[in-house]
Structures are given as structure tokens and as C-alpha cells.
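Residue-level structure breakdown
The lines below spell out each chain.
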Amino acid sequence: MIKYLDLKAINDMHDAELRAAVNRVMDSGWYLKGEATRLFESHYAEYIGTKYCIGCANGLDALTLIFRAYIQLGVMQKGDEVIVPANTYIASILAITECGLTPVLVEPSLDTLQIDDALIEAAITPRTRAIMIVHLYGRCAYTDRIGDICRRHGMKLIEDNAQAHGCKKTGSLGHAAGHSFYPGKNLGALGDAGAVTTDDDVLAEVIRSMGNYGSSKKYVFDYLGRNSRIDEIQAAMLDVKLKYLDAENQRRKDIAALYISKVTNPLIRIPNCSDRDCVWHIFPVFCRHRDRLQQYLQDNGVETQIHYPIPPHKQRCYSSWNKLSLPITEQIHKEELSLPCNQALTDEQVNTIIDLLNNYK
Ligand SMILES: Cc1ncc(COP(=O)(O)O)c(C=O)c1O
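Our subject in this report is the structure included herewith. Values in this document were obtained by computation on a predicted structure and should not be read as measured data. (Residues numbered from 1 in each chain as written. Predicted model: local features only at pLDDT ≥ 70, side-chain atom pairs only at ≥ 80, totals over all residues. Heavy atoms only, no water.)

Re the overall build of the protein chain
Applicable threshold: Note on conventions: DSSP H or I runs of at least 4 residues are helices, E runs of at least 2 residues are strands, and numbering of each starts at the N terminus. What the globule rule says is 2.2 Å times the number of residues to the power 0.38, and the radius of gyration is computed from C-alpha atoms. Note on exposure labels: buried denotes an accessible area under 20% of the residue type's maximum, exposed denotes more than 50%, and partly exposed covers the range between, all computed with a 1.4 Å probe on protein chains only. Should any heavy atoms of two residues lie within 4.5 Å, those residues are considered in contact.
Looking only at helices and strands, one finds 13 helices and nine strands in the protein chain. What you see for the protein chain is a C-alpha radius of gyration of 20 Å, in line with the 21 Å of a compact globule of 361 residues. C-alpha extents for the protein chain along the principal axes are approximately 65 × 55 × 35 Å. Relative to its full complement of 361 residues, the protein chain shows a buried share of 54%. In the protein chain, 70% of the contacts between residues at least 6 apart in sequence involve partners at least 24 apart.

Section: the nonpolar core
Keep this limit in mind: For this analysis, a nonpolar core means a set of buried residues of the types Ala, Val, Leu, Ile, Met, Phe, Trp, Tyr and Cys, connected via side-chain atoms within 4.5 Å.
Core analysis: the largest hydrophobic core is formed by 42 residues, its most contacted members being F67, M132, I158 and I207. Of all the elements in the fold, those that place two or more residues in this core are β1 (52-56), α4 (59-72), β2 (81-85), α5 (90-98), β4 (128-134) and α8 (201-210). Considering every element that reaches this core, the biggest residue donor is α4, with seven residues. In this structure M132 touches L63, F67, V82, I83, V84, P85, S92, I96, I158 and D160, once residues within four positions along its chain are discounted. A256, V263, C273 and I306 belong to the second-largest nonpolar core, a separate cluster that totals 27 residues.

Notes on the packing of aromatic side chains
Test applied: Here a pair means two rings of Phe, Tyr or Trp (six-membered ring of Trp) with centres within 6.5 Å. Their orientation is stacked below 30 degrees between planes, edge-to-face above 60, and tilted elsewhere. Throughout this description, the term charge over a ring refers to an Arg CZ or Lys NZ atom that lies within 6 Å of the ring centre and within 35 degrees of the ring normal.
Summed over the entire model, instances satisfying the criterion amount to nine aromatic pairs. In textbook terms, an aromatic cluster arises when at least three aromatic residues are bridged by ring pairs, as seen for F40, Y44, Y47 and F181. In this structure, R269 packs its charged tip against the face of F286, placed 4.8 Å from the ring centre.

Overview of the pairing of strand β6 (residues 176-180)
Counted only if it meets this: A pair of strands is labelled paired if DSSP reports no fewer than 2 bridges between them.
Counting buried positions along β6 gives five out of five residues, so the element sits mostly inside the fold. What you see with β6 is no split at all: A176, G178 and S180 on one side and A177 and H179 on the other are buried throughout. In this sheet, β6 lies alongside strand β5 (residues 156-160) in parallel orientation, the contact comprising three bridges. Across the sheet, the residue bridging to E159 is A177, located in β6.

Points about the site of the ligand
Selection criterion: Here, proximity means that at least one heavy atom of the residue falls within 4 Å of the molecule or strand. Identification of polar contacts relies on pairs of N or O atoms within 3.5 Å, with a donor-acceptor requirement for protein atoms, meaning one able to donate a hydrogen and the other able to accept it, and with residues adjacent in sequence counted only if both atoms are side-chain atoms. What sets the accessible areas is the Shrake-Rupley method with a 1.4 Å probe; for residues, cover comes only from the shown protein chains. When residues are sorted by character, Ala, Val, Leu, Ile, Met, Phe, Trp, Tyr, Cys and Pro go into the nonpolar class, Asp, Glu, Lys and Arg into the charged class, and all the rest, Gly among them, into the polar class.
As a structural note, the neighbourhood of the ligand is formed by 13 residues, with G59, D160, Q163, S180 and K185 the closest of them. One of the backbone N or O atoms of G59 is found 2.7 Å from an oxygen atom in the ligand. Coverage of the ligand by the protein chains reaches 91% of its 380 Å² of free accessible surface. Grouping the constituent residues of the shell around the ligand by class yields six nonpolar, five polar and two charged.

Quick notes on the packing of helix α11 (residues 290-299) against helix α13 (residues 347-359)
Filter applied, for reference: An axis is simply a line fitted to the C-alpha atoms; with a helix, the fit covers only the stretch in contact. Between two such axes, the angle follows the N-to-C directions and lies from 0 to 180 degrees. An angle below 35 degrees is treated as roughly parallel, one above 145 as roughly antiparallel, one from 65 to 115 as roughly perpendicular, and anything else as oblique. The crossing is said to be left-handed when, going from far helix to near helix, the turn is anticlockwise and less than a right angle, and right-handed when the turn is clockwise.
In contact at an axis separation of 11 Å, α11 and α13 are set at 135° when each is read in the N-to-C sense. Between α11 and α13, the angle falls in the class oblique. Classified by chirality, the crossing of α13 by α11 is right-handed. Where α11 approaches α13, its residues L293, Y296 and L297 are matched on the opposing element by L356, L357 and N359. Here the residues of the contact of α11 with α13 sort into five nonpolar, one polar and no charged.

Re a nonpolar patch on the surface
Spelled out, the test is: Patch membership is restricted to residues that have no salt bridge and whose relative accessible area is over 30%. Joining uses 9 Å for like charges and 5 Å for the nonpolar side chains Val, Leu, Ile, Met, Phe, Trp and Tyr. Any carboxyl oxygen of Asp or Glu that lies within 4 Å of a side-chain nitrogen of Lys or Arg is treated as forming a salt bridge with it.
A cluster of nonpolar side chains, contributed by L73, V75 and V202, occupies part of the molecular surface with about 210 Å² of accessible area. If you trace the backbone, V202 turns up in helix α8.

A few points about the sheet that holds β6
Strand pairing in a sheet relies on backbone hydrogen bonds, with the paired strands running either antiparallel or parallel. Spatial ordering of the open sheet is given by β1-β7-β6-β5-β4-β2-β3, a layout of seven strands whose pairing is mixed. The sheet is open, and its two edges are formed by β1 and β3 (102-106), each paired on a single side. The sheet shows a mean angle of 20° between the axes of neighbouring strands, direction not considered. Both β1 and strand β7 (residues 194-198) contribute to a ladder of five bridges, which runs antiparallel.

Right, dumping it as C-alpha cells:
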């Protein structure tokens, strides 16, 4: 069986270094807000190209903390609107609603699979305060047009960079970005972890404090905070894995290039994307009979996944949206199938998958 994502194999590649990192933390006797966190935050900020990186508990918290801090600073108020792609993972939208803000769902383009920048202006109202772009599948969603719209309307540009660590300048393109280090991400922890990156001094200070109960000085509380910190063990392991991220992303790009050049079956649509624009967190293909294709690959020893089977507006938790018609989003969710694409795969395995795809009828 070719696994969709063999996390053990991926982390085994750095086994000795990861174990040494865990041992260093254990030997230090310091488990939160220590040297390992400080080092990882400074290395990741440098890698992303921002002044600040603030570690937190997970990617959803990273996004939520950005909105909570903007509300705390009076930049946004409950009930304000945030434009977000309709075809994102639910966490992008949960971060908005959790803060009492209103998500405005905008359709993606079928070509880029990212928010359609031609549809954004029509979605702006006097209450719109931000656009959240999501670099879905590891592909950069930023366009000059989006940057220009944010500047003209005085809106914040927030990036959901959960899926695109190391892609061009993602994470440094807007006012603030949320990152997830969920184990399956391109830069994955061995548990939950996340971070915010930003160049904004005030925002960084408020977010750091809000993730620590709203406190920047022990037992003094300035904001209504929460507990959302990265722990030392995850920070130490992420610091090890960060050194290999570019090489591992390159392996993903090489595999994607093989799929793009060699899959020629007209029943299967391959994404249209240049090497520069994508780190292929997910390699999506599209097929009208997606479930049948998935079963065929499964029967022939290839595990795949679907990202994602049900779009956010059709979920029970957002029942007031269930009758919305978002045909492009719905088509993507109906036809998408994710192929294995990661550094644990051999060329032989990739070629097996390509042959199977080309023989699919
Ligand atoms: C696009 C996107 N946003 C946000 C998240 C949330 O990250 P986490 O799982 O670390 O909370 C994820 C991943 O799970 C994601 O894929």
C-alpha cells in the first residue's frame, strides 16, 4: 500500500536530531516560554521574513488571536465583516465566528483554486474590515489586486498560512498571518502547535500577551486573554525540522512536476500552477467521478484523501448558510482528490501512481 502520508517515515528521517532536541528540553527542566521557544520563534520569523513570530498552541488559535487582538485594539468590532474564500478548511472560518465577526464567503477561481480576486470588491460593505486569504493546498493566494483592494479600502490583510510554509513570501504578505504546525503540515510538529507572524509592533505585543492569559507581567492582566502557548518540546522539534523545510518542499515540487508532466488522462484534471507559486501541501486532482477514482486507486494499493468532502457552508455548524449557492466551491468539493505528495515517497511509487492514473477509464 502506498500511504497518503506516512508521518512516521517523515519524522524518522530526523530521528536522532528530534530525540536529541526532546532530551535537551527534558534536561533543561523548563517546559514553556523558554529558550527553545525563543530560538524557534526567532528562526521562523527570519525564515518567513517578518519582525515577529509568536508561538501558540495551534493554527486555529493563531488566527483567532489575530482577530481578538484587533478587536482589543479597536481596529475591529463584533459584527464587522471579514472576507474569506468559501472553499477553505473550516478553521479559517471558525477563527472569524469565534470572535463574533461575520465571515463573508467569496467563491474561488476554478483555475487557481484560490479566492477569486475579481469577486472581492462586490463583497465589500461599510462593515468590511479585513480579507483573509488562505494559501490553500500550499499555493500562494496573494495577488497584487488583493493588496491594492486592502490598501484602497483601509482593510487588514490576514493570511492563513497553515498549508504553505516556505512558499514564496507567504506569511509576510499581509498585516498578520496564522500558521499551523499540525503534524501533517509541511512543517509539522509531533503534536499541536501554531504561530502568528507580523511586522506590527503593537499587534505582536498584544497577541503575545493574549496567548498568555492577557498578561505580559506575572499576575498582572491587561487583556481578556487565553492560554495558548507553544510548548518547549514542540518548539525544539520544529526548530530541527525548519532546517530541512526547503529541501523537503523541493521534493514535493519535484513530485508535483512529475504528476503535471506525466498524467495525461483526459478524465483527470491536473492543477495549473507554476513551481514558484506552490509548495504542494496537497496535490489535488479533479475528476467528475471522484469517488470511483478514489476506490480504483485504493483497490490498486494507493491511499488518497479528499480536501474537503463537505464545504463550510454545507456544514451543520453553519446551518444558516446551508441554502447558499456557491457552485464553484461545491464543484471543487465534489471533484477534488488529493494524491500522495511528500518527501517520504520514492520515484518508483510516484510512477506507479502516474501509471494507475493514466490507465483509469
Ligand atoms: C487552511 C487551514 N487553516 C487553519 C488550520 C488550523 O490549524 P490547526 O489544526 O493547527 O488548528 C488548518 C489545519 O488544520 C488549515 O488547513
